[in-house]
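The lines below spell out each chain.
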Amino acid sequence: LVVLGGAVLGCGASILWTAQGRLILQYAAKATELENLGGKGPDGTVVTIENVEKSTQTGKLMGLFWAIFQCSSLVGGSISFMYYNEKPEGSTALY
């Protein structure tokens, strides 16, 4: 039952990760389009989701996403540490 649940969650997570990456790429294409006020890339081509890798905004947005994503782990770990650090010595709360 646990393995089946893990498989279902893994398949669902892969779909969400793919959608998240696609959304960031669409934001990068839109940001480049607005930045250039005509939707033209550096080489004069129209910026779309297919050629957004050439845009200047993609790296910035991907880096920002990963920084925030990794900080959530750091903040969550810090909160857990502070919570469990306040327990008196000999506490069985972790058992």
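Look up a bit, the structure's there.
Calculation rules
Residues numbered from 1 in each chain as written. Predicted model: local features only at pLDDT ≥ 70, side-chain atom pairs only at ≥ 80, totals over all residues. Heavy atoms only, no water. Phe/Tyr/Trp six-rings, centres within 6.5 Å; stacked < 30°, edge-to-face > 60°. Helix = DSSP H or I, 4+ residues; strand = E, 2+ residues; numbered from the N terminus. Buried < 20%, exposed > 50% of the residue type's maximum accessible area, 1.4 Å probe, protein only.

1. Some details on the packing of aromatic side chains
In the structure shown here, the tally under the stated rule is seven aromatic pairs. Where W17 meets F65, the ring centres are 6.4 Å apart and the plane angle is 80 degrees; that geometry is what we call edge-to-face. Of this pair, W17 sits in helix α1 (residues 2-36) while F65 sits in helix α2 (residues 57-85), and the two are 48 residues apart along the sequence. An angle of 90 degrees between the planes, with centres 5.4 Å apart, marks the rings of W66 and F69 as edge-to-face. Of this pair, W66 and F69 both sit in helix α2, three residues apart, which is roughly one turn of that helix.

2. Describing the environment of Q26
If you trace the backbone, Q26 turns up in helix α1. Since its relative accessible area comes to 39%, Q26 is described here as partly exposed. Distance in space between the C-alpha atoms of Q26 and T58 is 9.2 Å, their sequence separation being 32 residues.

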